[in-house]
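Chain residues, written in single-letter form:
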Amino acid sequence: MQHDFFLHPVVNSPYGYPARHWALDEHGQPTGTLVESRRAAEFITPVPKPKKTKATAAQPSLIYTDTEGLSTEEQEYNHSRLINEVRSAVDAWRQLPNPDQWGVTPETARLLRHWRHHNFSGIKPFFCQIEAVETAIWLTEVAPKLGNRGVRFITHLKQANEGANPGLFRLALKLATGAGKTTVMALLIAWQTVNAVRHPGSKLFSSGFLIVAPGITIKDRLRVLLPNDPDSYYRSREIVPLDMMPDVMKARIVITNYHAFKLRERLDIAKGTRTVLEGWREETVQTLETEGQMLQRVMPELMGLKRVVVLNDEAHHCYREKPTTDEEGALKGDDKAEADENNKAARLWLSGLEIVQRKLGITTIFDLSATPFFLRGSGYAEGTLFPWTMSDFSLMDAIECGIVKLPRVPISDNVPGSRMPLLRNLWDNIGKDMPKKGRGSSAVADPEKLPHLLYDALDALYGHYRQVFELWEQQGIDVPPVFIVVCNNTTTSELVYKYISGWSEVNEDGNETVVNTGHFPLFANYDENHQRHSRPRTILIDSAQLESGDALDPSFRAAASDEIERFRRDIAERVGNPQATAKIDDATLLREVMNTVGKSGKLGAQIRCVVSVSMLTEGWDANTVTHILGVRAFGTQLLCEQVVGRALRRQSYELNAEGLLNPEYADILGIPFDFTAKPVVSVPATPKPTTHVHAVRPDRDALEIVFPRVAAYRTELPDKKVTAQFTSDSTLELTPDLVGPTNTENAGIIGESNNLTLADMKDARASTIIFKLATYLITRTYRDAGEDPPLHLFGPIRRIVREWMDNHLVCKSGTYPALLLRPDIAERAAEKIKNAITYANIGEKPVIVVPDPFAPIGSSADVSFVTTKTTWKTDPKKSHINVVVCDSDWEAEFCRVVEKNPHVLAYVKNQGLGFEVPYNDGHVSRHYRPDFIVRIDDGEVEPVSLVVEIKGYRKEDAKAKAETMRTLWIPGVNHLETCGRWAFEEFKDVFEIEDKFNELVDRLRAAPKTTKTTEAA
C-alpha cells in the first residue's frame, strides 16, 4: 500500500499490538510503503537526508549491526536477532488463552489480566509499557521453566553481565523517549511487591527498591512511584486492583541520585591539621565514611533486607568502561573532557551498586532508557547497544503508534552552496563566535552582540511559535506551548535568556534600570511600562540558578500564593510532616516551577520559554514543548535524540474516530537530528479537561462507606427436605444470541441452497433431559472434591429440575430444550436451579462468604483517579467523593434522586472503588461491579447499605449478576454480622428511578426493625 508517511504517520493504536509499520529504505528513510506486520528491532534512527548532499565525513549514526563493521577481533556484536527472538517468544506466550498455561504465580496472572483488560477510569497503560514488563516477567518466571528454549536467553544475560558488569545481573528495557518509562517502573514495582508480600519465601521477588536517577530533575519526577505520594501512580492510574493496594503499600522504596554513592567526609579537618596528625600518628587519618555508613545515609529504609531490586532510570549513564582504546585516545579538547566526565559518573554509579550488592544483595537491576548505548570514550564503539538489552520499542515504533510527536528539522534553505541547511546544525556556523567561559566572565556581556545567525534562528522559530500559541488560545487550552533553548555554557544561556526575556542593570546609586524589555513579546518578563511581570514567562535553568533562585522576582511569591500553598500541602502530605513546609526556599520553588511546566494549576503552568544549559537533555517530562533551539555542539545522534526527546511527549491522548492518536509535531532548529517532516502548522487538538476524582479527606470522612471484599461462596444442601424458591431471574431464555445460530443457509456458487437447523432436537424426550440435568447437578454441582455424589437426593433434585423446566425455561427462534444437554448451557441451568435451592434454604443452610484473604475490607477513602468524562459534583453532605463520573444520563439522574432524598446518609459510585462481586456466567467465573452503594437510614440503629444496579436491557449475564447478589452475596454478607446490613436493588427505567427509589426507602423504613435485611424488593 502506498501512503504519505508525513501526512499519516500514525498507523497503530497505542493500546494494541503494533501490527503495521512504514517500510524504510537502505538509508533509514520512510518509503511510503505500509507493511502489514510489526517492525523488527534494528536499532536505527530513521531520517530524511538533507536535499543538498556531497561526500563528506558523516556524523556517527546509531545503525549498528555486523554489516556496519562494528564487530572486531576484540568485540563481536550483533544483537538485533536475540531481541526479536525474545519478542516472538513473549508474543506466543501472550496469546495463550488460559492463565493456567502462563507459568506465572496467581498474583502475576491477576496483574497481567488487570493491565490488559481492565476498564481504566483514566490513563491506560500503553501496549509498549505492558510489553516491557511482560518481557521481564517472562524472563523471570517463565523462561527458566522452558528448558533450553528459555534458558538460553538467561544464559546470554548472565554472560553479557559477566563480561561488562561482573557480580551484577542487569536487564535493560529500551523504550523511546515519551513512551512512559515511569509507568513501566510502577508496573515492575507492583509485580515484584505483590509477589514478595504473598510469597515471602521466594527468591525471585523483593519488596525493597532502590531507584537511581542521574539528576535532581528526574529524582523529583519519580516521587510518583512512592505509594504514599499524593500523585502516586498505583492509585491514580489504577496500576493494581484496589484489593492489592495494601500489598503495594508495604514496598520500601528509596529514590536517589547516583551522586549520593560518593563517600563523604565525616570530619572536616584542615589540610595543615591533617598533615600534623598523620605525622604524629604515623598513619593516615580516616575521615571518609565507610561503605556501610554510606548505605545507612542513602537508603536507611532498605537496611536489614536480604535482597533488593534496583531500577536505573536513564541507565545509559551506568556502565563499566573498557581499557583505553584508539577511539578514546583520539578524543581531544571538549570531547575528551566530556568523555572523562561521563566515565567518572559511570564509575561512581556502578561502584555504588556494587556496594549495595555486597552489603544487601541485589535480585535484579532493571535498566530503563530510550538510548541504552555505550557513550563516547567508554571503550566501546559509540552507540553500541548494552548487550543485556532484551526489549526494544524504538522511536519509529512510538511515532507509528502516535505515542510521541513527530520531530521536524530543516531539510533545505535558500543559501547557495550549503550542504546542510544552516539552521539545522547551527553550532557549526556560530560556535567560533560564541562565548567560551562561564558565568561572570566579562568576555561577552552584551546580549545584542551575539552572532546574527543565532538571531535569525530565534526569529524564525519564534515566528512559528507565535502561530502555534495563537492556535492554542483559540482552542481554549489553558496552558501555553513551550519553547526550549539548550545552550553550551552558562555565559551563553544568560545572554540568550536576557535577549529573549529582557534585562536590567543596577546603576551606581543602586537603583535598577530596565535596559530592554525583551525582543519577543510572548516571552518577555517585562511589560511595556518596564515593570516585571509577577509571574515569569521565561526562566533560566542551570545549576547556579537552582542554588540561588534569582530568576524569581520577589513579587512571584505573592502572585503565585495559591500554587505555592498547593505545593506546600503536597509536600506535607508527601513527607507526612506539616512542619517540613515551614520555609520553602527559592531554589526549591524554582525546581518546582521547572518540574511543573505545562501542568495546569501548578507553579510552572504559564511558563512559555525555558533557557537551559545541559539539565534538560533528559528526565524533564513536560508534554507541552513544541519548539527546541540548540545552541551547542551535538557530536552524535545519541545526544541529538536525548535533547530532541524533551519535545516528544504528547499534549493530548484522545483517540480519534479511527481509534488512533492524531499526529502532533515538534519543530527543531540547531540540532542535526536526522528526522523531519514537511513544514506545516498543525492544529492542536483541544484536550478534554481532566478531573481528579478523590475522597475529600478529612472534611468528609464521616461519609466514608466501607464494604466487604468477597472471594468466594460456600453453600450446602439441607439435611432433610430439599426445596427451591424460583424468581423471575430463575428463567433461562434460549435464543440464538446465547446458543448460537439456529438456522444457517449453505449454498454453492450454483445450484440449490440448504438450510441447517436444530430441528432434530425437538424430538428429544423431556424425561431424558430432566434425568441428565439432575445427574449433572448431583455429580458436578453438589459433589464435594474427593467425596461421593449425594445420590440420596437425586429424587428431590429431579423434581425441582422438572418444575424449573416447566415454568422457567423459554425457547425462542428455533431453539429446543435438548440444548440443555450442551455443557455450557447445562452449567447455566444448573447455576439457576442451585441459586433457587440456596435461596429457599437460607434459614437451615446459610450462605458462607469467603473474604478476600489479603484485603477483606474496602473503603471509599481509597478512591483516587483522573478522568476526562462528564462528572456530577456531589453534595458535600451526601458523598465522601468530590464528584461522580457519569457514564450515562441514568447515573446523573440517580445522583440527583439520592441527594434529594432526606433519608440517604451517604452514597458512592463504584468507580475506582474496587467493589467486585464474584459470579458465574455459565461455566466462566467472572467479577461483577455494581453501580452504586447507598447508605440509608431505615429506622434501625445501624443504617442499611443498598447495592444499586442501573440497567436497561437485561441479557442472561445481567440476570446471573442479580441472582448472585440476591441469593449469595447479600445473604452471605449479612450472615457475617460484622459488615453491617446490606440490600440489593435494580432500577430498569430512567423515568421511574425517583418514584421507585423513594418507594423502596419508604418500604425499608416501614419494615419490622428486628430482622436482618436480605433484599430490598
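About the thresholds
- Every chain's residues receive numbers from 1 upward, in the order its sequence appears when written.
- Only residues with pLDDT of 70 or above have their local features reported here, since the model is predicted, and side-chain atom pairs are shown and tallied only from 80 upward, although totals for entire chains, interfaces and linings are computed over all residues.
- Note that the side-chain values use all heavy atoms of the structure and ignore hydrogens as well as water.
- Helix and strand definitions follow DSSP, with helices as H or I runs of at least four residues and strands as E runs of at least two, each counted in order from the N terminus.
- Burial here depends on accessible area, computed with a 1.4 Å probe over protein chains only, as a share of the maximum for the residue type. Under 20% is buried, over 50% is exposed, and the range in between is partly exposed.
- Exposure was quantified through the Shrake-Rupley algorithm and a 1.4 Å probe, taking into account, for residues, occlusion by the shown protein chains and nothing else.
- Only four residue types enter the tally: Lys and Arg on the positive side, Asp and Glu on the negative side; His and the chain ends are excluded.
- One side-chain nitrogen of Lys or Arg within 4 Å of one carboxyl oxygen of Asp or Glu is enough to make a salt bridge.
- Whenever two N or O atoms come within 3.5 Å, that pair is a polar contact, provided that in protein one can donate a hydrogen and the other can accept it, and provided that, for residues adjacent in sequence, both atoms are side-chain atoms.
- Contacts between residues were defined by any pair of non-hydrogen atoms, one from each residue, lying within 4.5 Å.
- Throughout, an axis means a line fitted to C-alpha atoms (over the contacting stretch in the case of helices), and angles, computed between N-to-C directions, take values from 0 to 180 degrees.
- For this classification, under 35 degrees means roughly parallel, over 145 means roughly antiparallel, 65 to 115 means roughly perpendicular, and everything else is oblique.
- Charged means Asp, Glu, Lys or Arg here, nonpolar means Ala, Val, Leu, Ile, Met, Phe, Trp, Tyr, Cys or Pro, and polar covers whatever is left, Gly included.
- Any residue with relative accessible area above 30% and no salt bridge may belong to a patch, with like charges joined within 9 Å and the nonpolar Val, Leu, Ile, Met, Phe, Trp and Tyr side chains within 5 Å.
- Just so you know, the charge point we use is NZ for Lys, CZ for Arg, CG for Asp and CD for Glu.
- We call Phe, Tyr and Trp rings a pair once their centres come within 6.5 Å, taking the six-membered ring for Trp, and we label the pair stacked below 30 degrees between planes, edge-to-face above 60, and tilted otherwise.
- Handedness of a helix crossing follows the sense of rotation of the near helix relative to the far helix, less than a right angle counterclockwise being left-handed and clockwise being right-handed.
- One fewer than the residue count of a helix, multiplied by 1.5 Å, yields its expected span.
- Here, a strand pair is defined by DSSP locating no fewer than two bridges between the strands.
- Disulfides are defined as pairs of cysteine sulfur atoms found within 2.5 Å of each other.

(A) Structural view of the overall build of the protein. The number of helices and strands found in the protein is 28 helices and 34 strands. In the protein, buried positions account for 55% of the 1017 residues. With the model as given, the accessible surface of the protein reaches about 44900 Å², and the carbon-plus-sulfur share is 50%.

(B) A look at the side chain of Arg608. Summarising the element assignment, Arg608 is placed in the loop between helix H20 (586-595) and strand E14 (609-612). Lacking a salt bridge, the buried Arg608 has Glu473 as its closest oppositely charged neighbour, with an N-O distance of 5.7 Å. A polar contact is formed between the side chain of Arg608 and the backbone oxygen of Leu522, at a distance of 2.9 Å. Beyond its immediate sequence surroundings of up to four residues, Arg608 is in contact with Tyr465, Phe469, Pro480, Pro481, Val482, Phe483, Leu522, Phe523 and Arg537.

(C) Layout of the packing of helix H23 (residues 766-781) against helix H25 (residues 823-840). Put simply, H23 and H25 touch, their axes get as near as 10 Å, and they point 80° apart. Considering the angle they form, H23 stands roughly perpendicular to H25. The segment H23 lies against H25, with Leu773, Tyr776, Leu777 and Thr781 engaging Pro823, Ala826, Glu827, Ala829, Ala830, Ile833 and Lys834. The residue inventory of the contact of H23 with H25, partitioned by class, reads eight nonpolar, one polar and two charged.

(D) Expanded view of a negative patch on the surface. On the surface, Glu992, Asp995, Glu999 and Asp1002 cluster together to form a negatively charged patch. Summarising the element assignment, Glu992 is placed in the loop between strand E34 (981-987) and helix H28 (993-1006). The class of Glu992 is partly exposed, set by a relative accessible area of 37%.

(E) Representation of the packing of aromatic side chains in the model. Counted according to the given criterion, the structure contains 31 aromatic pairs. Ring centres 4.8 Å apart and planes at 65° place the aromatic pair Phe374 and Phe386 in the edge-to-face group. With Phe374 in the loop between strand E7 (362-369) and strand E8 (389-393) and Phe386 in the loop between E7 and E8, this pair connects stretches of sequence that are twelve residues apart. By relative accessible area, which is 1% here, Phe374 ends up buried. Since its relative accessible area comes to 0%, Phe386 is described here as buried. Their ring planes at 40° and their centres at 6.4 Å tell us that Tyr907 and Phe932 sit as a pair that is tilted. Highlighted residues: Tyr907 in strand E29 (residues 904-909) and Phe932 in strand E32 (residues 932-936), separated in sequence by 25 residues.

(F) Inspection of the environment of Thr290 at higher detail. Mapped onto the elements of the fold, Thr290 is located in the loop between helix H9 (271-281) and helix H10 (291-298). Sequence-wise, Thr290 and Glu265 are 25 residues apart; in three dimensions their C-alpha atoms are separated by 9.8 Å.

(G) Local environment of the packing of helix H3 (residues 127-142) against helix H5 (residues 181-198). Where H3 meets H5, the closest approach of the two axes is 8 Å, and the angle between their N-to-C directions is 35°. Of the two possible hands of crossing, H3 and H5 adopt the one that is right-handed. In this structure, H3 uses Gln129, Ile130, Ala132, Val133, Ala136, Ile137, Thr140 and Glu141 to contact H5, whose residues at the interface are Thr183, Val184, Leu187, Leu188, Trp191 and Asn195. Partitioning the contact of H3 with H5 into residue classes produces nine nonpolar, four polar and one charged.

(H) Quick peek at unusual backbone geometry. Arg697 connects to Pro698 through a cis peptide bond whose omega is 0°. By the element assignment, Pro698 lies in the loop between strand E17 (691-694) and strand E18 (706-708). For Glu314, which is not a glycine, the phi torsion comes out positive at approximately 55°. Of note, Glu314 is situated in the loop between strand E6 (308-313) and helix H11 (326-329). Glu314 sits in the buried class, given a relative accessible area of 5%. A positive phi angle, near 65°, is found at His530, a position not held by glycine. Relative accessible area serves as the criterion here: at 38%, His530 is assigned to the partly exposed category.

(I) Spatial organisation of the pattern of salt bridges. For the structure on display, the rule yields 37 salt bridges. The closest approach of N and O atoms between Asp243 and Arg110, which form a salt bridge, is 2.8 Å. Taken together, the residues Asp243 in the loop between helix H7 (233-236) and helix H8 (245-248) and Arg110 in helix H2 (residues 106-117) connect sequence positions 133 residues apart. Among the charged side chains, a salt-bridge network with shared partners connects Arg38, Asp91, Arg94, Arg116, Glu131 and Glu134.

(J) Layout of helix H16 (residues 490-501). In a regular helix each residue adds 1.5 Å, so twelve residues correspond to 16 Å; H16 covers 16 Å between its end C-alpha atoms and thus fits that length. When you tally the buried positions in H16, you get nine out of twelve residues, the bulk of the element. Listed as buried for H16 are Thr491, Thr492, Ser493, Leu495, Val496, Tyr497, Tyr499, Ile500 and Ser501. Tucked into the core, H16 has its buried residues touching helix H15 (452-474), strand E10 (482-487), strand E11 (503-506), strand E13 (538-541), E14 and strand E15 (625-631). You can read the cap of H16 off the contacts: a side-chain oxygen lies 3.1 Å from the backbone nitrogen of Thr491, and it is on Asn489. One or two positions beyond H16, positive phi appears at Gly502, with a value near 100°.

(K) Up close: the sheet that holds E32. Spatially, the four strands line up as an open sheet ordered E29-E32-E33-E34, and their pairing is mixed. Two strands in the sheet have a free side with no partner beyond their single neighbour: E29 and E34. Each strand of the sheet is rotated relative to its neighbour by a mean of 20°, with strand direction disregarded. Where E32 lies against strand E33 (residues 944-950), five bridges are found, and the strand directions are antiparallel. Considered in E33, the bridge of Ile936 is made with Val944.

(L) Local environment of the state of the cysteines. In total, this model carries zero disulfides according to the counting rule given. Between Cys487, a cysteine without a disulfide, and Cys609, which holds the nearest cysteine sulfur, the sulfur-to-sulfur distance is 9.5 Å.

(M) Looking closely at the pairing of E32. Burial analysis of E32 places five of its five residues in the buried class, the great majority of the element. Alternating residues of E32 divide into Phe932, Val934 and Ile936 and Ile933 and Arg935, and every residue in both groups is buried. Note: E29 against E32, five bridges, orientation antiparallel. By the bridge assignment, Lys909 is partnered in E32 with Phe932.

(N) Layout of the sheet that holds E10. Sheet architecture is open: six strands sit in the order E9-E16-E15-E10-E14-E13, paired in parallel fashion. Where the open sheet ends on each side, the last strands, each with one partner, are strand E9 (406-408) and E13. Going from strand to strand, the sheet's axes swing by 20° on average, the running direction of each strand aside. The sheet contact formed by E13 and E14 spans four bridges and is parallel. Bridge pairing links Ile539 to Val610 in E14. Set on the sheet, H15 makes contact with E9, E10, E15 and strand E16 (665-669); between it and E15 the angle comes to about 175°. With respect to the sheet, H16 is in contact with E10, E13, E14 and E15, its orientation differing from that of E13 by roughly 175°.

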